[in-house]
Amino acid sequence: MDVNALPPYDDGMTAASNAPASSAGTVGPAGTALAAAVGSGVGSGLGFDPIARARQQWTEQGWDAAADGMAAITSLMRAHQIVLARVEATLKPLGVTFARYEVLMLLWFSKRGSLPMKVIGSRLQVHPTSVTNAVDRLEDAGLVTRSTHPEDRRAMLVALTPAGRELAERATKVLNAEVFEQPDLGTEDVHSLVDVLTRLRRSAGDF
């Protein structure tokens, strides 16, 4: 997934909280709590759980059937912000974003260290434009090369350079040590989380 292509959740939520309230009161305290839930910065120190507050307010508004789902989806959105911020902060000293790191690692794992642009987009499940942008930046940094595919002139082949391979390995070592081996969850929770998210992705047709 091209995480750099995703819009910030706080933009939409702030707009929702500033929208005029309807006669049914669909925006107000509940909307404000929801905006705080997904729009606040990491470690904002609110002193309370805004998602739990929003869940309570959903119930008070009579939206009981949606309250649990709202809390689950909003928690997922907020968790995405938190873990992405942590990953990007870890990679920043290396001069690479997570989206570009994904491209490097996909090439690193390939047998020849190279893949067609179309295959990269398919494997990472992102729009071709996102792949082009990431490859452009990596090529400018001397981490990959791009050439016409020898067997299909209509296709472009992206190949890892020695510098790109070295950076991919260095970034992976740092991410493993500082993030992936320390997910701030116990082993059972990690397994449960992966199982739940796998079911969610499968039901959405992600694979």
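Rules and cut-offs
- Residues numbered from 1 in each chain as written.
- Predicted model: local features only at pLDDT ≥ 70, side-chain atom pairs only at ≥ 80, totals over all residues.
- Heavy atoms only, no water.
- 1 Å grid on protein atoms, 1.4 Å probe; cavity = no way out; pocket = protein on both sides within 12 Å on 5 of 7 lines; lining within 4 Å.
- Points joined across faces, edges and corners; volume = space filled by probe spheres on them.
- Helix = DSSP H or I, 4+ residues; strand = E, 2+ residues; numbered from the N terminus.
- Nonpolar A, V, L, I, M, F, W, Y, C, P; charged D, E, K, R; others polar.
- Pairing = 2+ DSSP bridges.
- Buried < 20%, exposed > 50% of the residue type's maximum accessible area, 1.4 Å probe, protein only.
- Arc of directions from axis to C-beta.
- Contact = heavy atoms within 4.5 Å.
- Axes fitted to C-alpha atoms, helices over the stretch in contact; angles between N-to-C directions.
- Parallel < 35°, antiparallel > 145°, perpendicular 65-115°, else oblique.
- Left-handed = near helix turned anticlockwise from the far one by under 90°.

As annotated in an unreviewed UniProt entry, the protein chain carries the name MarR family transcriptional regulator and is attributed to Terrabacter terrae.

K.L.:
Talk me through the layout of surface pockets; I want residue IDs and the actual numbers.
P.N.:
Taken as a whole, the second largest pocket spans an internal volume of roughly 250 Å³. What lines the second largest pocket is a set of 13 residues, among which Ser110, Arg112, Ser114, Leu115 and Pro116 lie closest to the centre. Mapped onto the lining of the second largest pocket, the elements with two or more residues apiece are helix H5 (98-109) and strand E1 (114-116). Taken together, the residues of the lining of the second largest pocket break down into six nonpolar, three polar and four charged.

K.L.:
Before we move on, can you summarise the pairing of strand E2 (residues 144-149) with the specific residues and values?
P.N.:
Inspection of the sheet shows E2 paired to strand E3 (residues 152-160) by six bridges, in the antiparallel sense. Residue pairing in the sheet places Arg146 in a bridge with Val158 of E3. Hairpin connection of E2 to E3: two residues between the antiparallel strands.

K.L.:
Could you give an account of helix H6 (residues 117-124), naming the residues involved and the relevant values?
P.N.:
Within the sequence span of H6, burial applies to Met117, Ile120, Gly121 and Leu124. An end-on view of H6 places all buried positions within 95° of arc, on one side of the element. Along H6, the residues that are exposed and aim more than 90 degrees away from the buried face are Lys118, Ser122 and Arg123. Looking at the buried side of H6, the elements it contacts are H5, E1, helix H7 (128-140), E2 and E3.

K.L.:
Give me the packing of helix H4 (residues 64-91) against helix H8 (residues 162-180): which residues, what numbers.
P.N.:
Between H4 and H8, whose axes approach to 10 Å, the crossing angle comes to 135°. When the axis of H4 is compared with that of H8, the two are oblique. Seen along the crossing, H4 lies across H8 with a hand that is right-handed. On the side of H4, the interface is formed by Arg86, Val87, Thr90 and Leu91, while H8 contributes Ala171, Val174, Leu175, Glu178 and Val179. Class assignment of the residues belonging to the contact of H4 with H8 gives a composition of six nonpolar, one polar and two charged.

K.L.:
Can you break down the packing of H5 against H6 residue by residue, with the values?
P.N.:
Between H5 and H6, whose axes approach to 11 Å, the crossing angle comes to 110°. Put simply, H5 runs roughly perpendicular to H6. Regarding H5 and H6, the two cross each other, and that crossing is right-handed. Residues Glu102, Val103, Leu106 and Leu107 of H5 form the contact with H6, whose own contacting residues are Ile120, Arg123 and Leu124. Taken together, the residues that form the contact of H5 with H6 break down as five nonpolar, no polar and two charged.

K.L.:
Can you tell me about unusual backbone geometry, naming the residues and giving the values?
P.N.:
Not every positive phi belongs to a glycine, and Gln125 is a case in point at roughly 60°. Mapped onto the fold, Gln125 is located in the loop between H6 and H7. A residue is classified by how much of its surface remains accessible, and Gln125, at 45% relative accessible area, is partly exposed. With a phi close to 65°, Asp184 is a non-glycine residue in the positive phi region. Judged by its relative accessible area of 66%, Asp184 is exposed.

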